[in-house]
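Residues per chain are reported as follows:
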Amino acid sequence: MFYVVYTDLDGTLIDEKYSFKAASQALETLKNRGFPLIFCSSKTRGEILFYREKMGFSDPFIAENGAAVYIPKGYFDFPIPGAQSVEGFSVLEFGLDYESLFRRVEKILIGLGIEYETFKGMSVSELSLDSGLSLMEAALAKDREYSVIFKAECEDSILTEAFRGEGLIYTRGARYHHVMGAHDKGVSVNALSSLFRMVYDEVLTVGLGDSLNDLEMLASVDLPISVRRPDGSIEDFGVKGVLETEGVGPIGWNERILGILSEKTDLI
Ligand SMILES: [Mg+2]
């Protein structure tokens, strides 16, 4: 069996202090076994590259909630249908570009009379203070290509309805509000999984996430895992066959990935 592991970052593989140390054993095991770890996050290309390098992986990744799949050149020994070439990657693009997206988001929020502050609107130091990210990570987080992230005091249901009415997708991440074009993590996961299935006969896709913006990713994998949050709660994704973790964040991640890789196929 060839395992392909898709994972969210915030609240899933990295904890509130942006540490993934608790998942070290599972990460090493994945690496030693040669199974790809695909970061699939609301984070930007730059932020994901930062964590990917820090954890020592070099597999494809999915940025900004499914807006783009980045496949290192030469990773697959065939041309990727529909991909664009961007700085060493073949990129499958599903997202709307930032500027036109932002103009639409701004209009809706102003129409609702909601005060908001976007990542791009904050200075690097403001964002660092607000999010707990280091200055360097805050700079990477601001560099959004396909999604608008903002903070505002507003009911999720009001925002969901307003953005949906305009053909945009709204999701609530662990800390902020996210808006993007009509794409989600699921579309990108499926596109990438189909490439792995062209190479390997028996692919088993695993997905780990902790909040609603992971729903489509979990619905698109063979083995979905809901990761426990710091307050002990767990998202009820309503996805068939979803497994839950006992441990919180990367502790739970470690526990489930080690369990799966130990070939306890009764889990599946
Ligand atoms: Mg998360």
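Worth saying up front: this structure is predicted, and the values here are computed from it rather than measured.

## Brief notes about the overall build of the protein
The secondary structure content of the protein amounts to nine helices and 13 strands. A globule of 268 residues ought to have a C-alpha radius of gyration of about 18 Å, and the protein, at 18 Å, matches this closely. Overall, the C-alpha framework of the protein stretches about 55 × 45 × 35 Å when taken along its three principal axes. Taking all 268 residues of the protein together, the buried fraction comes to 53%. When contacts within the protein are restricted to residue pairs at least 6 apart in sequence, those whose partners lie at least 24 apart make up 60%. Accessible surface computed for the protein: about 11,900 Å², of which carbon and sulfur atoms make up 50%.

## A few points about the pattern of salt bridges
Taken as a whole and assessed by the stated rule, the structure comprises eleven salt bridges. Note that Glu87 is salt-bridged to Arg45, the shortest N-O span being 3.2 Å. In this pair, Glu87 is assigned in the loop between strand S5 (84–86) and strand S6 (89–93) and Arg45 in helix H2 (residues 45–55), connecting sequence segments 42 residues apart. For Arg45, a relative accessible area of 13% corresponds to the buried category. Among the charged side chains, a salt-bridge network with shared partners connects Asp8, Lys185 and Asp214.

## Some points on the sheet that holds strand S12 (residues 223–228)
Whenever strands of a sheet pair, they do so through backbone hydrogen bonds, lying parallel or antiparallel. Strand order in this open sheet of five strands is S2-S1-S11-S12-S13, and the pairing throughout is parallel. The open sheet has two edge strands, strand S2 (37–39) and strand S13 (243–248), and neither has a second partner. The sheet shows a mean angle of 25° between the axes of neighbouring strands, taken without regard to direction. Across the sheet, helix H7 (residues 185–199) touches strand S1 (2–7), S2 and strand S11 (203–209), and the angle it forms with S1 is around 160°.

## Describing the packing of aromatic side chains
Under the counting rule described, the total for this entry stands at 17 aromatic pairs. A centroid spacing of 5.2 Å and a plane angle of 85° characterise the contact between Phe50 and Tyr51, whose relative ring orientation is edge-to-face. By relative accessible area, which is 1% here, Tyr51 ends up buried. Counting every residue linked through ring pairs, the aromatic cluster contains Phe2, Tyr3, Phe35, Tyr75, Phe76, Phe78, Phe196 and Tyr200.

## Some thoughts on the coordination of the magnesium ion
The reference angle at a metal is 109.5 degrees if four donors form a tetrahedron and 90 or 180 degrees if six donors form an octahedron. With distances of 2.2 Å, the protein atoms coordinating the magnesium ion are Asp8 (OD), Asp10 (O) and Asp210 (OD). Written as a sequence motif, the donor residues of the magnesium ion are D-x1-D-x199-D. The exposure class assigned to Asp8 is buried, which follows from its relative accessible area of 4%.

What counts and how
Residues numbered from 1 in each chain as written. Predicted model: local features only at pLDDT ≥ 70, side-chain atom pairs only at ≥ 80, totals over all residues. Heavy atoms only, no water. Helix = DSSP H or I, 4+ residues; strand = E, 2+ residues; numbered from the N terminus. Rg over C-alpha atoms; globule rule 2.2 N^0.38 Å. Buried < 20%, exposed > 50% of the residue type's maximum accessible area, 1.4 Å probe, protein only. Contact = heavy atoms within 4.5 Å. Areas by Shrake-Rupley, 256 points an atom, 1.4 Å probe, with all protein chains shown as cover. Salt bridge = Lys/Arg side-chain N within 4 Å of Asp/Glu carboxyl O. Pairing = 2+ DSSP bridges. Axes fitted to C-alpha atoms, helices over the stretch in contact; angles between N-to-C directions. Phe/Tyr/Trp six-rings, centres within 6.5 Å; stacked < 30°, edge-to-face > 60°. Donors = N, O, S within 2.8 Å, 3.2 Å for Na, K, Ca; no water.

Any link to function would need more than the numbers given here.
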